[in-house]
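Chain by chain, the residues:
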Amino acid sequence: MFRHMQNSEIIRKMTEEFDEDSGDYPLTMAGPQWKKFKSSFCEFIGVLVRQCQYSIIYDEYMMDTVISLLTGLSDSQVRAFRHTSTLAAMKLMTALVNVALNLSINMDNTQRQYEAERNKMIGKRANERLELLLQKRKELQENQDEIENMMNAIFKGVFVHRYRDAIAEIRAICIEEIGIWMKMYSDAFLNDSYLKYVGWTMHDKQGEVRLKCLTALQGLYYNKELNSKLELFTSRFKDRIVSMTLDKEYDVAVQAIKLLTLVLQSSEEVLTAEDCENVYHLVYSAHRPVAVAAGEFLYKKLFSRRDPEDDGMMKRRGRQSPNANLVKTLVFFFLESELHEHAAYLVDSMWDCATELLKDWECMNSLLLEEPLSGEEALTDRQESALIEIMLCTIRQAAECHPPVGRGTGKRVLTAKEKKTQLDDRTKITELFAVALPQLLAKYSIDAEKVTNLLQLPQYFDLEIYTTGRLEKHLDALLRQIRNIVEKHTDTDVLEACSKTYHALCNEEFTIFNRVDISRSQLIDELADKFNRLLEDFLQEGEEPDEDDAYQVLSTLKRITAFHNAHDLSKWDLFACNYKLLKTGIENGDMPEQIVIHALQCTHYVILWQLAKITESSSTKEDLLRLKKQMRVFCQICQHYLTNVNTTVKEQAFTILCDILMIFSHQIMSGGRDMLEPLVYTPDSSLQSELLSFILDHVFIEQDDDNNSADGQQEDEASKIEALHKRRNLLAAFCKLIVYTVVEMNTAADIFKQYMKYYNDYGDIIKETMSKTRQIDKIQCAKTLILSLQQLFNEMIQENGYNFDRSSSTFSGIKELARRFALTFGLDQLKTREAIAMLHKDGIEFAFKEPNPQGESHPPLNLAFLDILSEFSSKLLRQDKRTVYVYLEKFMTFQMSLRREDVWLPLMSYRNSLLAGGDDDTMSVISGISSRGSTVRSKKSKPSTGKRKVVEGMQLALTEESSSSDSMWLSREQTLHTPVMMQTPQLTSTIMREPKRLRPEDSFMNVYPMQTEHHQTPLDYNTQVTWMLAQRQHEEARQQQERAAMSYVKLRTNLQHAIRRGTSLMEDDEEPIVEDVMMSSEGRIEDLNEGMDFDTMDIDLPPSKNRRERTELKPDFFDPASIMDESVLGVSMF
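Every value quoted in this text rests on a predicted model; they were computed, and no experiment measured them.

1. Observations regarding the overall build of the chain
- Along its length, the chain carries 48 helices and zero strands.
- Per-residue burial over the chain gives 47% buried out of 1134 residues.
- Here the contacts in the chain between residues at least 6 apart in sequence split such that 75% fall between residues at least 24 apart.
- When the accessible area of the chain is evaluated, it comes to approximately 58,800 Å², of which 49% is carbon and sulfur surface.

2. A word on the packing of helix H36 (residues 829-847) against helix H38 (residues 878-889)
- Orientation of H36 relative to H38, taken along the N-to-C sense of each, is 20°, at an axis distance of 10 Å. Comparing their axes, H38 and H36 come out roughly parallel. Crossing geometry of H36 relative to H38 is assigned as right-handed. Of the residues in H38, those touching H36 at Arg833, His840, Lys841, Ile844 and Glu845 are Gln879, Asp880, Val884, Tyr887 and Leu888.

3. Focus on the pattern of salt bridges
- Summed over all chains, the structure comprises 35 salt bridges.
- Between Asp75 and Arg162 there is a salt bridge, with its nearest N and O atoms 3.9 Å apart. Here the residue Asp75 occupies a position in the loop between helix H3 (62-74) and helix H4 (79-118), and Arg162 occupies one in helix H5 (residues 127-162), the gap between them amounting to 87 residues.
- Among the residues examined, Arg162 registers a relative accessible area of 1% and is labelled buried.
- For the salt bridge of Asp425 with Lys359, the shortest nitrogen-to-oxygen distance reads 2.7 Å. One end of the pair, Asp425, is in helix H19 (residues 416-443); the other, Lys359, is in the loop between helix H16 (355-358) and helix H17 (361-369), with 66 residues separating them in the sequence.
- What makes Lys359 buried here is its relative accessible area of 14%.
- Where salt bridges share partners, they join Asp75, Arg82, Arg162 and Asp165 into one cluster.

4. Regarding a negative patch on the surface
- Where like charges cluster on the molecular surface, the negative patch consists of Glu536, Asp537, Asp546, Glu547, Asp548 and Asp549.
- When contributions to the negative patch are tallied by element, the ones reaching two or more residues are helix H24 (513-538) and helix H25 (547-566).
- In terms of residue count, H25 provides more of the negative patch than any other element does, three residues in total.

5. Regarding the confidence of the model for the chain
- Residue-level pLDDT values for the chain average 79, and 76% of them are 70 or greater.
- pLDDT under 50 marks residues 918-1025. Its contacts with residues more than four places away, or in other chains, come to 135 contacts.

6. Re helix H34 (residues 778-800)
- In this model, H34 (23 residues) spans 33 Å end to end at C-alpha, consistent with the 33 Å of a helix rising 1.5 Å per residue.
- Directly beyond the C-terminal end of H34, a positive phi value near 85° is found at Gly801.

7. Observations concerning the side chain of Ser519
- Checked against the element boundaries, Ser519 lands in helix H24.
- Sequence-distant contacts of Ser519, that is, excluding residues within four places in its chain, are made with Leu479 and Tyr502.

8. So, the side chain of Thr234
- Relative to the helices and strands, Thr234 resides in helix H10 (residues 231-243).
- Within the structure, the side chain of Thr234 is placed 2.6 Å from the backbone oxygen of Leu230, a separation counted as a polar contact.
- With sequence-adjacent residues up to four places away left out, Thr234 is seen in contact with Tyr221, Val263 and Val270.

9. Some remarks on unusual backbone geometry
- Backbone geometry at Arg470 places phi at a positive 55°, although glycine is not the residue there.
- Along the polypeptide, Arg470 turns up in the loop between helix H21 (464-468) and helix H22 (472-488).
- At Thr741, a position not held by glycine, the phi torsion is positive, near 55°.
- Of note, Thr741 is situated in the loop between helix H31 (717-739) and helix H32 (749-752).
- Assessed through its relative accessible area of 39%, Thr741 is described here as partly exposed.

About the cut-offs
Residues numbered from 1 in each chain as written. Predicted model: local features only at pLDDT ≥ 70, side-chain atom pairs only at ≥ 80, totals over all residues. Heavy atoms only, no water. Helix = DSSP H or I, 4+ residues; strand = E, 2+ residues; numbered from the N terminus. Buried < 20%, exposed > 50% of the residue type's maximum accessible area, 1.4 Å probe, protein only. Contact = heavy atoms within 4.5 Å. Areas by Shrake-Rupley, 256 points an atom, 1.4 Å probe, with all protein chains shown as cover. Axes fitted to C-alpha atoms, helices over the stretch in contact; angles between N-to-C directions. Parallel < 35°, antiparallel > 145°, perpendicular 65-115°, else oblique. Left-handed = near helix turned anticlockwise from the far one by under 90°. Salt bridge = Lys/Arg side-chain N within 4 Å of Asp/Glu carboxyl O. Patch = residues over 30% accessible without salt bridge, like charges linked within 9 Å, V, L, I, M, F, W, Y side chains within 5 Å. Lys, Arg positive; Asp, Glu negative; His and termini not counted. Charge placed at Lys NZ, Arg CZ, Asp CG, Glu CD. pLDDT = per-residue confidence, 0-100. Expected span 1.5 Å × (residues − 1). Polar contact = N/O pair within 3.5 Å; in protein donor to acceptor, adjacent residues only side chain to side chain.

Here it is as structure tokens:
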């Protein structure tokens, strides 16, 4: 082929024979074999040049032929040719660069040998050797010139055009390879003439291309010897690199941060404080690779430098260790970042690069306990709180060995080395803090925030060390401190931390259990006795409780509730006293709200602990009956408190009620627990109604109605978000009852109707509830959806009357909601056909439910609802549309069918939506039940019996709730010709078949055949009117079909003309991208050329010591004109 055909003819022949429709070629095909093929193809090119580098590549045939062919293919409109040839050309260029580098080394060696020989004395000089060296140098010079010509041809012919190709993979190949050239042969390629291409391409639209730019630059900045050649590039493109740390592609952002870390190591003066701050805040990113890269940058910038005097402190420990200043620096950074709730994310970001610093718990402990040295500034209270929080996060990270919530994809399996490190760290933590923790608690016992964090440390202890290390006295000291804290504090967080600490220490596997259990029992005994004693005085009849008594009762109840959360306190029988307290609150109505809230919570814990005990062990019938009685009584109390005047009390009662109903629903018997059947509790209609009313009154409210704080001031943004989060939890609790069929599904109608109005706040919860209810019962879910629309319609009637404007925003909103509901049914009409049919049935009945008191000549009062119902017509199959239409006729009188006034438009539009089955029926192909597609291929296809069974089943579903007189309304589908409208002819979709043009001699009667003459009878007046209406409908249908056919013919004609003109889908690739591909435009980078002189030049390898006569490289800086101006491509680029 090469001998007898020109390159252009070869490319033309390849293009003709290539199957362009497939779109697949080896470089884009998936699978390990094709991946191996690509790597082998690239390796082959490198091996070919390496094996031929001494002779064959200089024969002026092979390389010229290959380069010429690749250059021609790289300009092809066929993507496969362009992609493959560009990859081959770039790999060929890389191989040639390697050859050029070897030639340069050989020339330098030859020159050095020549100089050494020539400098010898005349008597010792070997003239023959000098001649040989001169001859060798001349040959090397000629070879280098040849290589330069080849590289120039590839660079100008392929790279300059393809680095801005329309295909991202091609652009990425070019940038990746030019990075290799600059790194491999920096003397020739690492200058601004080539760096500019990488700088421009950093603005590329595609992430993979930007990623190749950054990885190419990383290879250059990693070598500190090349930094001097990158100074100008760094100054010009530094801002772009900094902005790429916020790239939407996380991989690009990670590599941009790593590149800035290399820039920082090469020269700290390059990055300004503002540049560094842009990277600092990324340590709090939710994407862990970005955060880890930012953490490494932060560590290199602030923590990796040591003062000379620190060298003498290396062996010191605690407060005097060199890490002390670094820990303080970490605390200062954490406080200045103003994200005080995210210490765990800061620790996780720096965990890989600063492990030694973050695990120096001895230093942290010394900073908290020891007095500052002379001249040293002590930590402030805020700094101590931050240090304790950071210390807790480091201990948690070391003990759990997984990142915080939101940073990881789940717990991974630890390696043997990681498990050993984890055990060693836990041992180190326990040995240090078993002794230090009581001292820390004693020092900060009155500070709630510090104590709450410190009390979490025992959760990560190895409790066996208390015994093996003879640390029992320190355990006793810890228990005493916890008891003192419980007595001093009433803050819920502190009390719950104490409760969790007791729970962590009360582990029966360890010998310290008895010691801790005795301490806990003594504490609970005191609290229970005190509570009973205070309660008697508090509830004495005839006396007004004072504030001091109420405070004592509340503080004791808070402590008991906090401990009951994590510990089984059943033996103290707390139900009776709490029930007495709550009942008194209902009777008197003056109980303080906080007492009621904690009494409800404590009683809830009592019931749950009793249920847990019954479930885990064999229980008697008396236990079940007692729990059942207590649970029912408690539900009645909560129901009473739903009507409390205090909102917080009502929210607590509602939340607990939803939890109780969920736990004691029929789900309690799952898993073979049939013995719990007596405990099943189903809420009555009044309770369901009260729960629903609470949701409507406290969840579906405007933001402005709930945005005032206690002092009358408007809440800040954080408080609004917290309030919204609380309301979302309340709604989710009720929706869970709907999903698990604890309450009736029709109660969801009041929830569903709020979907559009509160979409931003609760749209996801409501949509998920719809999905779950549809999975439970499709038909009942459809009934609930139509019920919600009916409720909205009735509300609109009550507000505006029956003569409302159908173009009003209220009515349009209901229609839009119906459209959204219709979309939730999906595309598979076969799965939802019964539900959709039942929805239409209920909608039709509602529309004709209220007759007009003015007589039949006026529309029914709810007729406008049909306009809303028509939004669901597209979800009906064609045969179902006919069935629903027949059912609609039952409610219509003959006078209704003749009406054309505006008030009757909803009926007309709904009828038309049911009759327009030709276009909408294309969806039935998805369900696999339509035979229209098969009739195109086979005229003799038989109707499916399965389809008929499905239709009959749907008809039964639609009629099961109708009266006995309606039993035949669906069976009329096949036989009955309606007196109002003849059966709509079946139109053939233009998607399946070209429209058939009618011949002049074909009348519409031939297309839509009427009944034969022997069936005709004398026509009365009504029948004549019906027949004329039918003729009008047929005529309109025929004209519509002809218009569709004409439009289709015009479209085909236009396409044929376009094809004749030679248009091709590949024409977009004919002119490689200029402004489409590059994100950087002329306006964006024109400032890069300010003061710069642009000049093109050929690839000119740097002169060796024997080539001093060659001209110096011309300065060629970052001029964007070469990619923005097509005229430049016609001249020499270098």
